[in-house]
Amino acid sequence: MSQMKMNPPTQRLKGSLPKIGIRPVIDGRRGGVRESLENQTMAMASAAAKLFTENLRHACGLPVECVIADTCIGGTAEAAACTDRFRREGAGISLTVTPCWCYGTEVMDADPLIPKAVWGFNGTERPGAVYLAAALAGYTQKGLPAFGIYGRDVQDAGDTAIPGDVQKKLLNFARAGLAAAEMRGKSYLSMGSVSMGIAGSIVDDRFFSDYLGMRNESVDMSEFVRRMNEKIYDPEEFRKALAWVRANCPEGEDPNWPEMRSSRKRKDEEWQMVVKMTLIARDLMTGNPVLEQMGWGEEALGHNAIAAGFQGQRQWTDHFPNGDFLEAILNSSFDWNGIRPPYIVATENDSLNGTAMLFGHLLTGTAQIFSDVRTYWSPEAVKRVTGHVLSKEAEGGMIHLINSGPAALDGTGQQSIQGRPAIKPFWEITHEEAEKCLRATEWCPAEREYFRGGGFSTRFLTRGGMPVTMSRINLVKGLGPVLQLAEGYTVDLPSGLHETLNRRTSPTWPTTWFSPIRTGRGAFIDVYSVMANWGANHGAVSYGHIGDRLITLASILRIPVNMHNVPEERIFRPSAWNAFGTADTEGADYRACRNFGPLYGSAASR
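1. Looking at the nonpolar core
Core analysis: the largest hydrophobic core is formed by 69 residues, its most contacted members being Phe52 and Trp119. Residue contributions to this core peak at 11 residues, all from helix α4 (residues 164–183). The contacts of Trp119, once residues within four sequence positions are left out, are Met44, Ala48, Leu95, Thr96, Val97, Thr98, Ile149, Ile162, Val166 and Leu170.

2. Remarks on empty space enclosed by the protein
Empty space among the atoms becomes apparent when a probe as large as a water molecule is rolled across them. Taken as a whole and judged by the stated rule, the model has 4 cavities of 30 Å³ or more. Estimated volume of the largest cavity: approximately 190 Å³. Along the walls of the largest cavity sit 18 residues, with Arg12, Leu13, Ile306, Pro342 and His361 positioned nearest its centre. Mapped by element, the contributors of at least two residues to the lining of the largest cavity are α8 (264–286), β8 (305–310) and α12 (351–364). Here the residues of the lining of the largest cavity sort into 12 nonpolar, 4 polar and 2 charged. A volume near 100 Å³ is recorded for the second largest cavity.

3. Description of the layout of surface pockets
Approximately 940 Å³ is the volume found for the largest pocket. Along its surface, the largest pocket is lined by 29 residues, and Lys169, Glu569, Arg570, Ile571 and Phe572 are the ones closest to its centre. Listing elements by their share of the lining of the largest pocket, those giving two or more residues are α4, α17 (547–557) and α18 (585–596). Looking at which element gives the most residues to the lining of the largest pocket, the answer is α4, with 6 residues. Along the lines of polarity and charge, the residues of the lining of the largest pocket split into 9 nonpolar, 9 polar and 11 charged.

4. Things to note about the sheet that holds strand β5 (residues 147–149)
Taken together, 5 strands build an open sheet; the order of strands is β2-β1-β3-β4-β5 and the sheet is parallel. Strands with a single pairing partner mark the edges of an open sheet, and in this sheet they are β2 (66–68) and β5. Neighbouring strand axes in the sheet, compared pairwise and without regard to direction, differ in orientation by 20° on average. Here strand β3 (residues 91–98) pairs with strand β4 (residues 116–120) via 5 bridges, running parallel. Bridging from a neighbouring strand, Thr98 pairs with Gly120 of β4.

5. What about the environment of Gly128?
Secondary-structure assignment places Gly128 in helix α3 (residues 128–141). The class of Gly128 is buried, set by a relative accessible area of 0%. Considered as a pair, Gly128 and Ile26 are 102 residues apart in the sequence and their alpha carbons are 9.8 Å apart. Once you skip the residues sitting within four places of it in the chain, Gly128 turns out to touch Pro99, Cys100, Gly120 and Phe121.

6. A look at the packing of aromatic side chains
Remark: the centre distance and the inter-plane angle together describe each pair of aromatic rings, the angle taken between the planes. Taken as a whole, this structure holds 22 aromatic pairs when the rule is applied. With a centroid separation of 5.6 Å and 80° between ring planes, the pair formed by Phe426 and Trp427 is classed as edge-to-face. Residue classification places Trp427 among the partly exposed positions, given a relative accessible area of 22%. Through successive ring pairs, a cluster of aromatic residues spans Tyr188, Phe207, Phe208 and Tyr211. The residue whose ring lies beneath Arg12 is Tyr343, and the NZ or CZ to ring-centre distance is 3.6 Å. Above the plane of the ring of Phe238 lies Lys276, whose end atom (NZ or CZ) is 5.2 Å from the centre.

7. Some thoughts on the sheet that holds strand β11 (residues 345–347)
Here 4 strands make up an open sheet; going across it, the order is β7-β6-β8-β11 and the pairing parallel. Lying at the two open borders of the sheet, with one neighbouring strand each, are β7 (215–219) and β11. Recorded for the sheet is a direction-independent mean angle of 20° between the axes of neighbouring strands. By the bridge criterion, 3 bridges tie β8 to β11 in an arrangement that is parallel. Opposite Ala308, over in β11, you have Val345 as the bridge partner. This element, α12, spans β6 (187–191), β8 and β11 of the sheet and lies at about 145° to β8.

8. Observations regarding unusual backbone geometry
Cis peptide bonds are those with omega within 30 degrees of zero, and the linkage from Gln313 to Arg314 qualifies with -5°. With respect to the helices and strands, Arg314 occurs in the loop between β8 and α11 (324–331). Of note in the backbone geometry, Met196 takes a positive phi value of approximately 50° without being a glycine. Looking at the secondary structure, you find Met196 in the loop between β6 and α5 (205–212). With phi around 55°, Lys392 is a residue other than glycine that occupies positive phi space. Position of Lys392 among the secondary structure elements: in the loop between α13 (379–386) and β13 (398–402). Taking the relative accessible area as the measure of exposure, Lys392 reaches 67% and is therefore exposed.

Basis of the calculations
Residues numbered from 1 in each chain as written. Predicted model: local features only at pLDDT ≥ 70, side-chain atom pairs only at ≥ 80, totals over all residues. Heavy atoms only, no water. Core = buried A, V, L, I, M, F, W, Y, C linked by side-chain atoms within 4.5 Å. Buried < 20%, exposed > 50% of the residue type's maximum accessible area, 1.4 Å probe, protein only. Helix = DSSP H or I, 4+ residues; strand = E, 2+ residues; numbered from the N terminus. Contact = heavy atoms within 4.5 Å. 1 Å grid on protein atoms, 1.4 Å probe; cavity = no way out; pocket = protein on both sides within 12 Å on 5 of 7 lines; lining within 4 Å. Points joined across faces, edges and corners; volume = space filled by probe spheres on them. Nonpolar A, V, L, I, M, F, W, Y, C, P; charged D, E, K, R; others polar. Pairing = 2+ DSSP bridges. Axes fitted to C-alpha atoms, helices over the stretch in contact; angles between N-to-C directions. Phe/Tyr/Trp six-rings, centres within 6.5 Å; stacked < 30°, edge-to-face > 60°. Lys NZ or Arg CZ within 6 Å of the ring centre and 35° of its normal.

Don't take any of this as a statement about function, it's just geometry.
If you want it as structure tokens, here you go:
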């Protein structure tokens, strides 16, 4: 296997990446008060910018940039000048910082579409906490939810360090705010339409426009036929990709009855077709300048899609090879062109699971695993079927996450952090780790009972011991979108036990054994309760325990969370949520989201 190159970070979508706008606000009284605070206030802004730029990257790998107001903001004129600069320079979120008293509503950020936070310095020399409380009251009164950030311990006025608890809140807000800002103006591309009556593939335009600020694009799957027949793809890249596939994608077992198996000639033709489908799907999403050189100017532009879905079943797969290779390779962090950012492509055009995948990707920079939430295996059922007694993380049972081939190859868990299995942002993945992911994957001929047109499905087993978060968006009539999530761990099983359980279903598909963390309450009383309360047939799995990040992002978008196992001390929402109840925070979340309405839908009515 030749050395896999690392592609440099690049912005492949149209539109500039959002920046973090930092607003140093100050007591406007001249003649001693303001002058004594200028340096301290600007130092807070610079410290916040340093924290962000040293710790954050966009999901595409490019560094996060900050824009600090030209001057401290002591009144409405300077606030207006700051707003104008932020608009010119593309600030997508704003952080207001101050160590002192300021004139609340006069210096506030009043843009209803920009996620906002206020950091009030905890020091006794000046009333930064008093301003923070006054500012948050003003934001709440005006219907502009803002996050309040205030350190637990008092600092001296000259202390420029950012305490650890403040850092966590600043970074949580920034990650979630940037994720929201990056989705705005982008597209979700439906390649095909509704798959097998799956509700999530009934793409809801209002959800995408009002809650995510996105547009919906759609192409019929006949576009794939047109582009293949008319050779609307890069022929040089096709040859390169096909050679790479032959060298790196070994075929696994053929599960079909002998009379249903494709001939070698037919399988080779299917490989050519699925590689072309992959090139075409990518070009449909983000365009390809090579097509312009070939005379296909319109096709070269793409649909500026930050996420997409491929319908596949059944109108496509009853005749053509399935989309498993297309989805698996695009969702992975590497292909024949080297190591690069993953694309987000949902199986069966499940746009709601695709949205959950998009959330996880933007918050972590990592590839996402798309899975059926297939089966709950209780300890009793496992013992009855295999005689094996589950232990450690699986002692309470486990959920079999498995799907028809499209899970990202990163999901093998063959990457590592400090010697433990992991899924890493593409810019941290080594050539050796990408090789390991490929070697851990087989490509089995598709089961013809399901996929009459053939194709190839990924087969791998996710390594155990990885902290992961499974999430899902569901739409509820009369309520709107809700988010559910479960933090837990991937599980290792003895090979014989895995084989016995796996062969009771489709053994040619990728498997992740998942054990959610049980809290003894609500939907997390036990593993069975998690399965029973899951709202759909699919789930998106992201590396790491990122439930707190997802909850913060959901609050920015005004999407309530109906099921989670994140400890209360990790949850960070806008301060306005406190006004809707502090004892029942789940109920308060629902009431706040309904009151303020979707981020972009509510703004249109102001």
